[in-house]
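What follows is each chain in one-letter form.
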Amino acid sequence: MKLTARFLLFSIAICSMLSANARAGIFTTYTGIVVDNLKKPVEGAIIRVAGSNVTTRTNSLGVFSIDANEGDKITISCPGYKDYQYVLTQSTTLSVTLEKETDFFRNKESEPVQLIYTTAPPRQTVASNDAVYNNDIIKSPVTSFRNALTGRLAGLYTLQSSGLPGTDGASLTLRGQTPVIIIDGVVANLTTFDLEEIESITVLKDAVATAMLGVRSSNGALLVTTRKGKEGRQQISFTAQTAIQKPLSFPKTLNAYDYARLHNEALRNDGIDSAYSGLYYTQAALDAYQNHSDPNKYPDINFRDQITNKTSLLKRYTLSATGGNRFAGYFISLEHINQSGFFKTVDSNSYNTNNNFKSYVIRSNIDVNITPKLNGGIYLLGRILNGNEPGAATNTILSNLLNTPANAYPILNQDGSFGGTQIYQNNILAQTIGSGYNQNYKRDVLVNLYLKRSLDEVTPGLWIKAKASFNSTLSENINRSKSFAVYQQNGTAYTQFGTNGTQANGNGIEYQGKTDYEELSVGYDRILKNSNNSINALVLVNRDNSTNGSDLPYTITGTSGRLAYNYKSKYLIEAAFGLNGSNRYPDHGDTKLGFFPAVGLGWNIDKEHFMNSVSFVSRLRLYGSYGKTGWDNAGYFVYYPRFFDGPGAIFGTGAGTVTSITEGTLPNPNITWEKADKLNLGINGAVLKDHLNFKAEYFRNKYYDLLMQRGRNSTLLGNDYPNENIGKNRYSGWEGQLSWQQSTKKLQYFISVNVSQVKSKVLYIDEVYRPYDWMRRTGQSVGQRFGYVAEGLFQSQAEINASPATVGYTPQPGDIKYRDMNRDGVIDQNDQIAIGSTDPLMFYGFSFGLSWRGFDFSALLQGVENRDIYLSGPGYWAFQNGGTGQAYNHNLNRRNPANAANANYPRLSYGANTNNDAASTFWVHRGDYLRLKNAEIGYSLPETLISRIKLKTVRVFVNGYNLLTAASSTLDGRDPEAFSGGYPVQRLFNFGINIKF
Amino acid sequence: MKKTIYLLPVLLSIVIFWSSCRKYETEPKDWFTSQLTFDTLDKNGIVSGYALNNIYTYIPGGFNRIDGDFLDDASGDAIPSRYNTTVENYTKGTVSSINNPDPYWGNSYYGIRDANVYLKNIDKVPVPVLTKQYGKAEARFLRALFYWELLKRYGGVPLLGDTVPGLNDNIQKPRNSFAETVDYIVNECTAIKDSLRPVALASSDWGRATKGAAVALKCRVLLYAASPLFNGGGFETDPVKKALTGYLTADPTRWQKVVDAVLEFNALGYYGLQTSGTPTGFISVFINKMNTEIIFAKQSPNNSNLEISQSPVGYIISNTRSQGLTSPTQNFVDAFPMTNGLGINESGSGYNASSPYTGRDPRLAATVFYNGLTWLSRSVQTYQGGLDKPDNPAVSPVETRTGYYLRKFLGNFSTGTAFSSGSHNFPIFRYAEIILDYAEALNELGQVESAVTQIKTIRARAGIAAGTNSRYGIKVGITQAEMRTLIQNERRIELAFEEHRFWDMRRWKIAGQVLNTTLNGIKITNGTTVTYQIVPVATTVFQDKFYHMPIPYDEITKNSKLIQNEGW
């Protein structure tokens, strides 16, 4: 209903916009010559006067003439070259050198800057931004663009903790916060789609860059700009790629003999009487595990090898076409990905049980110049993601894989049936190949429409734009899993556990959501006559309305604006604001509006006269901004005093459950959005003929009114305290970038490095009483880990006797010794201090590449410093879960009398050990790492060869992802990002061919 | 035409801001609010009844309550079959203010708030007078019960009265003294007892608090208040802390209050010991939901979860191996007398160490699985290598650590091949306890023979032979001290695994002796003759500070007015 009404109005808008005025008046004839960087004339370049339908082309000598007025902006474009824009002056003859467009590297400083609702010409904004372009994005053989950003953008920290096909996207953190993802100007949280359709990804980091987002401005933004068509000959590109995926690492578990041996040792250590307890493996059993003399009764199974393949494939096919004429431009693309999981499958199943991921992505971006003054466009993204997995579910299998000791059961019995015992009824192989399958279908449609009308007739440079977007997402699960029986051999008989069931037949909606977005903007972009002063102004109203499942719609509405003024290209001032809010506030789901202003200043020093003599500096600029931003974190009507169903009580002799109802979390009637005050200072420039580019930024962001539970939330209340706007954190840090790039006729190369540091500090958390300063969380990093300081392992009873007593524990040799911070002779909670890395997180990316005679090579190294990893729990400790848990290779180096000095693991215990399991530095490992994240070698066939078969480019390439990793050796081979034993992150070797014609 | 262009912003603004033909409510009307819960139009009080029901959910249910184990696994009567489970923190001395497996602090105060929310709002609802009277009295009874749960753990705690604190209310409240907390609970019970349902409940109301429950709570609280630990016997040196956890001075007349309360209870004239049933009256108390011995119980759904968690590990029913989570100790088994009422070490008892389960108090077989007892049509095999003690971690990583499993509370499954759903309500108050309370108070007041009379009724129901002198094994001329020991032992075996022993050892101040000890199991070798060998299985430690639980560390840091108990 609402939507049709809106479309109707939209059609009216289109009709009204079509009433374009004809161009009239007296013109000057400008003539010019267009050459390339080798001074060769460029033929067929198109010259267009902005805001009109006047165009012309260069002839074979590169010469053109066109009628226009002083002050008009002309654009000269030619496929293969970068667009050239120029504002006409009194001089009627022009000489233009077009810069060759290269896929190899792009100079960020000469590209237009993508802002949230607009674009700024290079060097005409003071917003803190950084971008990565298509040429770099497509180098990574990944399915989510999140993973293609690692190491490429200063300030953006990524962490990929899982390699599960379809959900392997890294988490993104921009200056300590999770940024908003915006696709073509609309907030949309889609990150898994065709990488080739992305023109650029821009991070916006400071207040002035994001202020227009209002209550969504605090966390920074990640702007995805998709490719659009350009006037010119059609270009079709086809890429086929196949990657071999290999899991990076998986925790190494013990074989049956070592497991049983250590199991006995753990029991002995805990003083469990070997004569009576019955939990010990007998010597006969130990021998059998070691000699594999009776694999049925004493199995020794490497479960991982049994159910996973060493490699799996990722195939990708991308077809795109782009082109246009003076009336319309288009970019369309189609992509199919087929990513296999690493589980083994069997042909006897008529269905696939592997955890495969398939995607079909279609993109159609069409821009139309309806009249010289009216243009519009429709951008469309359609996405189908299909997942498949074993019926027992991938994560369940992986967690069983981690938790099942090698001696648990023979994976197959002698008669070929699945092995199992009463304890282990979930045979991992049966779960992998014999439990049916589950499927997941995700469908997304993202439609983006706009109409833009120049209002030059009112005043030159004025325009109006209407935009609408619709996003629909659906995820559906299909359950065709089945149960299976396992059998335990008892002599010749078999005991059955579980039943062989039929496949389930169910489906359900996992989630579904829809978003509609409307925006109306009025802008004014003008370069003032007789000066180089320019002005860019924009005011817009918008509404973003999303519905998730059965929740009430969440609507953010408001007004935003931006004003940028540039005086003689020397001085820049930029101001922006957001005045918006959402409908989750008291009294009755009202919209509460907040005002978030920001202002920035810039100084292009190189434009000053005194810099004329400093010839080696080609560009130099100082800039900075300050502003207030907001973050809407209102939750779902948390001000609303709610009662909800309790667990249900039981009454009566029939023991029936009756409904019970109870008060929900206390409402917070004062809830408001979170805020931040953000300062950003930067310097950037280029020296030595633009070869050496540099950029450095400092930021200091104070977040306040953060929603958190008060610290003194005494339980005497009898209910949970709600989150209140009380927290204060500060994030500060700096980012530096340096790059060198150079092109000669035959050789192009670049080296680039970026380094970022993010420091955080808790300023206020309503801290509870702490008897000692070192226990205070306030003043520490946000999320700082606390625990004891481990001082090695107790080596003797004498040492224990001479050491402070541990409250609630009697240590024995081999237990972890802790530091008595307050020297009161006991180890208790008062001795817990900040542990792990307390230095600010640092991360960096280093990339380089060269291109020579059709060959090209590039590589990206990425690293993190001052990061720690806390390894604990059943995935790391031996014999957890009451002693029945797994044990790992690194547990072999436990402390016992035979291995006292060099042990790096405490004495073994059977089940939990309150002393050794306590949070302490003992379990903190250095999480620093350096990865060869990406490397690529390509070869483009010579044009002379392929032009005969009417092809424009044929490029073959090999690239890799996660190729090499250097990390702390104490991780025992675990991956520094995905260390907990879930689906391992993959290393990829990718082979591909790209054909353009 | 130009005008249309200027109309455009206006039109689109309308689209954007006024487009929504109101499709949804502006805030979720699918939620209950206070107004809907306590609805001024809810004539039958259906929804407010739901709010009352919820208060009941905070009552602790004792089965496998401490991370899968019984609290009694920390009483010396049993140990958990699994190693290093949290309940052992109590016996290993590893409890601290940040590591207490059974704080129950939060549960109690959440329950207290729930009751106060109900009491504050119920008057708005036009429910029938009697329903409202019952409802209010039930809420107050449960609130008193939650304070009792706090009292036995911590001593005096902050008493909140009828307040329902809001977001901005100051709840930095100090603890009330032990005496004030006792008085509060007792006075509440006195005030509401006549407003509660009468003792004979309709079958659909089974599980609701009755007058009997309120008086029974009073008996229990007064019994504790009169007991040595609290009755001036606290070990604290700091008088402020001592007043928080007990009376400053001893007053033997506090026992009289117990007697008075029991007499008040007995005047109800309704409750009695279950003397008949299959296989015995003692067993049927726990597996028949409604009977006149149960005064108040935590209601549970009918299922066989308890049979699966407690039966010996050799019983595999529908592919599920029974878990045998509890291992009663030899020390506990030895506490059961012979059928003649004599302790196994008393002369003439007839105890034979090579046939240790013959001729024993029938409650032993009803409480503990021992080797040879019949269960699901076969003999329990807890001998070395037997089905229920396979001694092979690959077969069963959990098995008895003592040679015994817990039988009490389980359904009547000595025959048959599978479990079926049965009633498993955890008794909070049952009549046998009232009798034992009475016996104890009478004995402490010097009325030893009156106490003997009470114990005789317990023993008679248990199946102990009356003997020629009709004294059920109690010797003639028993002294007060001997009788005290006998009552304590009778209480131990009669109320075993009902969360009494753990607290009784503390209030009698005997934990220092009986919990600094070695716990034994039995090693049985099955051959042509079965041999029995007592083996040590665990040692327990007890320090004076363990007499009271530590107030959770977090609560101390959040509320600067709370005083921690001494020693913690």
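Quantities reported herein were computed from a predicted structural model and do not represent experimental measurements.

Caption draft 1: Inspection of the overall build of chain B at higher detail. Helix and strand counts for chain B come out as 20 helices and twelve strands. For 568 residues, the compact-globule formula gives about 24 Å, and the C-alpha radius of gyration of chain B, at 27 Å, lands near that figure. By its C-alpha atoms, chain B is 115 × 60 × 45 Å across when sized along the principal axes. For chain B, with 568 residues in total, the buried portion stands at 62%.

Caption draft 2: Region of interest: the packing of helix H6 (residues 129-154) of chain B against helix H7 (residues 178-192) of chain B. Residues and elements named next belong to chain B. Close contact between H6 and H7 brings their axes to 9 Å; oriented N to C, the two are set at 155°. Between H6 and H7, the angle falls in the class roughly antiparallel. Regarding H6 and H7, the two cross each other, and that crossing is left-handed. Judged by residue contacts, Ala137, Arg140, Phe141, Arg143, Ala144, Tyr147, Trp148 and Leu151 of H6 engage Phe178, Thr181, Val182, Tyr184, Ile185, Glu188, Ala191 and Ile192 from H7. Among the residues making up the contact of H6 with H7, the classes are represented as twelve nonpolar, one polar and three charged.

Caption draft 3: Inspection of the interface of chain A and chain B at higher detail. Contacts between the two partners involve 101 residues from chain A, matched on the other side by 97 residues from chain B. Carbon and sulfur atoms make up 64% of the surface buried where chain A meets chain B, a total of about 8,400 Å² over both sides. When the buried surface of chain A facing chain B is broken down by residue, A:Tyr276, A:Phe651 and A:Leu716 rank first, second and third, together holding 11% of it. The interface formed by chain A and chain B includes one salt bridge. The tally of links between chain A and chain B comes to 29 residue pairs in polar contact (both at pLDDT 80 or more).

Caption draft 4: Up close: the packing of aromatic side chains. Under the counting rule described, the total for this entry stands at 72 aromatic pairs over all chains. Between A:Tyr409 and A:Tyr424, the aromatic rings sit 6.0 Å apart at their centres with planes inclined by 45°, giving tilted as the arrangement. Placement of A:Tyr409 in the loop between helix H7 (394-403) and helix H8 (428-433) and of A:Tyr424 in the loop between H7 and H8 is noted, with a sequence separation of 15 residues between them. Each member of the pair, A:Tyr409 as well as A:Tyr424, is classed as buried. Taking the centre distance of 6.1 Å and the plane angle of 85° together, the rings of A:Tyr876 and A:Trp923 count as edge-to-face. Of this pair, A:Tyr876 sits in the loop between strand S48 (868-870) and strand S49 (924-926) while A:Trp923 is found in the loop between S48 and S49, placing the two residues 47 residues apart along the sequence. Ring-pair connections join several aromatic residues into one group, and the members of that group are B:Phe63, B:Phe70, B:Phe282, B:Phe286, B:Phe332, B:Phe336, B:Phe409, B:Phe426 and B:Phe497. Above the plane of the ring of B:Tyr315 lies B:Arg378, whose end atom (NZ or CZ) is 3.8 Å from the centre. The lysine or arginine in question, B:Arg401, covers the ring of B:Tyr83, its NZ or CZ lying 4.2 Å from the ring centre.

Caption draft 5: Layout of the side chain of A:Asn915. Counting through the fold element by element, A:Asn915 comes out in the loop between S48 and S49. Reaching out from A:Asn915, the side chain makes a polar contact with the side chain of A:Asn916 at a distance of 2.9 Å.

Conventions and cut-offs
Residues numbered from 1 in each chain as written. Chains lettered and ligands numbered in written order. Predicted model: local features only at pLDDT ≥ 70, side-chain atom pairs only at ≥ 80, totals over all residues. Heavy atoms only, no water. Helix = DSSP H or I, 4+ residues; strand = E, 2+ residues; numbered from the N terminus. Rg over C-alpha atoms; globule rule 2.2 N^0.38 Å. Buried < 20%, exposed > 50% of the residue type's maximum accessible area, 1.4 Å probe, protein only. Axes fitted to C-alpha atoms, helices over the stretch in contact; angles between N-to-C directions. Parallel < 35°, antiparallel > 145°, perpendicular 65-115°, else oblique. Left-handed = near helix turned anticlockwise from the far one by under 90°. Contact = heavy atoms within 4.5 Å. Nonpolar A, V, L, I, M, F, W, Y, C, P; charged D, E, K, R; others polar. Buried area = accessible area lost by both parts, 1.4 Å probe. Salt bridge = Lys/Arg side-chain N within 4 Å of Asp/Glu carboxyl O. Polar contact = N/O pair within 3.5 Å; in protein donor to acceptor, adjacent residues only side chain to side chain. Phe/Tyr/Trp six-rings, centres within 6.5 Å; stacked < 30°, edge-to-face > 60°. Lys NZ or Arg CZ within 6 Å of the ring centre and 35° of its normal.

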